[in-house]
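Chain by chain, the residues:
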Amino acid sequence: MTKIIFHIYVLLLCFSFNLTVLASNFTEEENFVTSFADSAISILSNDSLSDDERTSSFTELVMSSIDLNLISKFVLSKAWKNASDEQKEAYLIAFKDYFVSSYANRLDQYAGEKVDVVGSQEAGKYVIVESNIIREGTDTLKINLKWRLLNKDNQIKIIDLNIEGISLVIAQREEFQSFLSNNDYDLDKLIEKIVSVSD
Amino acid sequence: MNLRILLVLIIGSILIFQGCASKGTELNNSLSQQEVSKANDPFEKVNRAVFSFNIIFDKIILRPIAITYKAVVPSFVRNRITYSLNNLSMPITAVNNLLQGELRKAGVSTSRFIINSTVGLLGFFDPASSMGLVTETEDFGQTLSVWGVSSGPYLVLPFLGPSNPRDFAGLLSTSLLDPMYQIGGGSAPDSLRTYRLGTGAVDFRSQNIEILDDLQNNSIDYYAAIRSFYSQGRESQAASNLEIDSSEQENDIFDDFEIDESYVGPDIEISYD
């Protein structure tokens, strides 16, 4: 009996070593993510920069790589369509500041992590590039990152970052929807709140 | 507790909450013509109250412990702890792999446990991964989702945090199914349980100190942010168990919203202070 169980284990072991390789079809998009990550890391690991300089070069890089306008509209969802032009303008300005302030204070926390691109695939009108961040001091503790990219007029822009199955844009959208539904769908209140949080 | 009573309780609670869940969905459908992406959270008021309680508990007990742990224990040792917790979850992962009909993955989990517990010095190292034996941990909540049980409404449990009826049932049954708890039955499994629960909480919290602090400070609605993170995380695990590409579900959400291109917006100068 023990012998049979042992044989089953050996059999299972053989099956387990089947390594799967992700197909990579979108070289351009993959290179975009790699070069974005490289630029970001070189800014974050540059000790000669002051905190302000680091934040402003990082922001410059991020703003040129993401489609913030699209993201801003997307996270507001239906409320965007019902907004007045004044509200739209106030919201876009508030959201941009909020977005920058969400990372501005944590740029000094970079600890030597690397981003490895492992593959890419088509997803509707988007391309998803999959990558891993390897935790410092280990070779196997990974964090999975998926970048949702939109290639519009030969310009690639980041639309969303998905960390271990959690889409940051969708999370932001659900947060805004929840705030609105608890505040009589008053967009002005949301804008006020966004401004107060980013200060 | 008597095994049979517990099972009846679990199955009963799943059925009851399934009922609630489908009712909730109908209600949502009729309401949500106007609203987009309404979360399945009919007990929001109670949940928010428990959530506030958990934040206080976290503030005065868990977070200080996690901060001390991170400050005192070197990262090398903390990484060993993470590995050992992962290793201890391999037997229950193997059981769940089998219950999900994943023979190959059950083989990987079992091999990982055997190799890392021996060659990997009681699981503090992870030679199995370098041998290509890589697998995700699985719990009974995920198995229930493979079996077609839907998550039901969002629940916030005291001390334990975000959950739902399916995952809570999974949590209760884990102690029945986990081979680690069935061996011996004496004091050793008890101390193992304490190690996993206590250290697991501190390990998780210490890995997320900055993230959760930032999230709490920068949130428009912290409760909703955590709810979205939990639901999305569990959904994507469920999708990967069923070998569905979770980004496909996201595509629907992303495609669902037609971007209004008519309003381009002002050219905004950014200030970085």
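The structure under discussion appears in the preceding block.
This text gives an overview of the structure that appears in the document. Worth saying up front: this structure is predicted, and the values here are computed from it rather than measured.

**As for the overall build of chain A**
So, point 1. When helices and strands are tallied, chain A shows eight helices and five strands.
So, point 2. Moving toward the C terminus, one meets the helices and strands of chain A in the order α-α-α-α-α-α-β-β-β-β-β-α-α.
So, point 3. Across the 199 residues of chain A, 48% fall into the buried class.
So, point 4. Taking the intrachain contacts of chain A between residues at least 6 apart in sequence as the baseline, contacts between residues at least 24 apart amount to 50%.
So, point 5. Surface accessibility of chain A: about 10300 Å² in total, with carbon and sulfur atoms responsible for 52%.

**What about the packing of aromatic side chains?**
So, point 1. As enumerated under the stated definition, the model contains 17 aromatic pairs over all chains in all.
So, point 2. A centroid spacing of 5.2 Å and a plane angle of 75° characterise the contact between F58(A) and Y103(A), whose relative ring orientation is edge-to-face. One end of the pair, F58(A), is in helix α3 (residues 51–65); the other, Y103(A), is in helix α6 (residues 85–104), and 45 residues separate them in sequence. Of the two residues, F58(A) and Y103(A), neither departs from the other in class, the shared state being buried.
So, point 3. With centroids separated by 5.8 Å and ring planes inclined at 90°, the aromatic side chains of F140(B) and W147(B) adopt a geometry described as edge-to-face.
So, point 4. Under the relative-accessibility criterion, F140(B) is labelled buried at 9%.
So, point 5. The ring centre of F74(A) lies 4.5 Å from the NZ or CZ of R173(A), which sits over that ring.
So, point 6. A cation over a ring is seen here: R80(B) above F76(B), with NZ or CZ 4.3 Å from the ring centre.

**Quick notes on helix α5 (residues 103–118) of chain B**
So, point 1. Taking 1.5 Å of rise per residue, the 16 residues of α5(B) would be expected to cover 22 Å, and the 23 Å separating its terminal C-alpha atoms lies within 8% of that figure.
So, point 2. Those residues of α5(B) that sit buried are K105(B), A106(B), G107(B), V108(B), S109(B), T110(B), S111(B), R112(B), I115(B) and N116(B).

**Considering α3(A)**
So, point 1. Between its first and last C-alpha atoms α3(A) spans 21 Å; for 15 residues at 1.5 Å apiece the expected length is 21 Å, and the two agree.
So, point 2. Within the sequence span of α3(A), burial applies to R54(A), T55(A), F58(A), T59(A), L61(A), V62(A), M63(A) and S65(A).

**Section: the packing of helix α4 (residues 68–76) of chain A against helix α7 (residues 168–182) of chain A**
Residues and elements named next belong to chain A.
So, point 1. Two numbers describe how α4 lies on α7: the axes approach to 7 Å, and their chain directions differ by 45°. Between α4 and α7, the angle is such that the two are oblique. Two secondary-structure elements touch here, α4 through I71, F74, V75 and L76 and α7 through V169, Q172, R173, F176 and Q177.

**A word on unusual backbone geometry**
Residues and elements named next belong to chain A.
So, point 1. Positive phi, close to 60°, is recorded for N154, a residue that is not glycine.
So, point 2. Its identity as a non-glycine residue notwithstanding, D184 has a phi of 55°, on the positive side.
So, point 3. Considering the arrangement of structural elements, one finds D184 in the loop between α7 and α8 (187–198).
So, point 4. We classify D184 as exposed; its relative accessible area is 65%.

**What about the side chain of S101(A)?**
So, point 1. Within the secondary structure, S101(A) sits in helix α6.
So, point 2. Look past the residues within four positions of S101(A) in its chain and what remains in contact with it is S198(A) and N218(B).

**Side note on a nonpolar patch on the surface**
Residues and elements named next belong to chain B.
So, point 1. Together, F53, F159, L160, F168, L171 and L172 make up an exposed nonpolar region whose accessible area comes to about 550 Å².
So, point 2. The element best represented in the nonpolar patch is helix α8 (residues 165–177), accounting for three residues.
So, point 3. Residue position: F159 is located in the loop between β1 (155–157) and β2 (161–163).

**Concerning the nonpolar core**
So, point 1. Of all hydrophobic cores here, the largest spans 52 residues; its most connected members are Y91(A), F176(A) and L190(A).
So, point 2. Apart from residues no more than four positions distant in its own chain, Y91(A) is found in contact with S72(A), V75(A), L76(A), W80(A), F176(A), I191(A) and I194(A).
So, point 3. Counting residues in each nonpolar core, the second largest holds eleven residues, with V50(B), Y154(B), L212(B) and Y230(B) among its members.

**So, the sheet that holds strand β1 (residues 114–123) of chain A**
Strands in a sheet are paired, the pairing made by backbone hydrogen bonds, and the direction either parallel or antiparallel.
So, point 1. Strand order in the open sheet formed by five strands is β1-β2-β3-β4-β5 (chain A), and the pairing between neighbours is antiparallel. Each having just a single partner strand, β1 and β5 (166–167) of chain A make up the two edges of the open sheet.

**Remarks on the pattern of salt bridges**
All names here are of chain B.
So, point 1. Counted by the stated rule, this structure contains eleven salt bridges over all chains.
So, point 2. Put simply, R112 and D126 hold a salt bridge, and the shortest N to O gap is 3.3 Å. A residue pair is termed long-range when its members are at least 10 positions apart, and R112 in helix α5 and D126 in the loop between α5 and α6 (127–130) qualify at 14 residues. The burial state of R112 is the same as that of D126; both residues are buried.
So, point 3. One connected set of salt bridges, linked through shared partners, spans D41, E44, R48, D221 and R227.

**Section: the environment of P153(B)**
Residue and element names in this part refer to chain B.
So, point 1. Structurally, P153 is set in the loop between α7 (140–146) and β1.
So, point 2. Classification of P153 by relative accessible area gives buried; the value is 1%.
So, point 3. As for P153 and F43, which are separated by 110 residues in sequence, their C-alpha atoms are 7.8 Å apart.

**Structural notes on the pairing of strand β2 (residues 126–134) of chain A**
Within a regular beta strand, the side chains point alternately toward one face of the sheet and then the other, so they alternate between its two faces.
Residues and elements named next belong to chain A.
So, point 1. Burial within β2 is extensive, with nine of its nine residues counted as buried.
So, point 2. Sheet topology note: the β1/β2 ladder contains nine bridges and is antiparallel. Paired with S120 across the bridge in β2 is V129.
So, point 3. Between β1 and the antiparallel strand that follows it, β2, lie two residues; G124 among them carries a positive phi value of about 65°.
So, point 4. For β2 and strand β3 (residues 142–152), the ladder comprises eight bridges, and the chain directions are antiparallel. Of the residues in β3, the one forming a bridge with I133 is I143.

**Comments concerning the environment of Q87(A)**
All names here are of chain A.
So, point 1. Considering the arrangement of structural elements, one finds Q87 in helix α6.
So, point 2. On the basis of relative accessibility, which here comes to 18%, the residue Q87 falls in the buried class.
So, point 3. Considered as a pair, Q87 and I191 are 104 residues apart in the sequence and their alpha carbons are 8.3 Å apart.

The rules behind these values
Residues numbered from 1 in each chain as written. Chains lettered and ligands numbered in written order. Predicted model: local features only at pLDDT ≥ 70, side-chain atom pairs only at ≥ 80, totals over all residues. Heavy atoms only, no water. Helix = DSSP H or I, 4+ residues; strand = E, 2+ residues; numbered from the N terminus. Buried < 20%, exposed > 50% of the residue type's maximum accessible area, 1.4 Å probe, protein only. Contact = heavy atoms within 4.5 Å. Areas by Shrake-Rupley, 256 points an atom, 1.4 Å probe, with all protein chains shown as cover. Phe/Tyr/Trp six-rings, centres within 6.5 Å; stacked < 30°, edge-to-face > 60°. Lys NZ or Arg CZ within 6 Å of the ring centre and 35° of its normal. Expected span 1.5 Å × (residues − 1). Axes fitted to C-alpha atoms, helices over the stretch in contact; angles between N-to-C directions. Parallel < 35°, antiparallel > 145°, perpendicular 65-115°, else oblique. Patch = residues over 30% accessible without salt bridge, like charges linked within 9 Å, V, L, I, M, F, W, Y side chains within 5 Å. Salt bridge = Lys/Arg side-chain N within 4 Å of Asp/Glu carboxyl O. Core = buried A, V, L, I, M, F, W, Y, C linked by side-chain atoms within 4.5 Å. Pairing = 2+ DSSP bridges.

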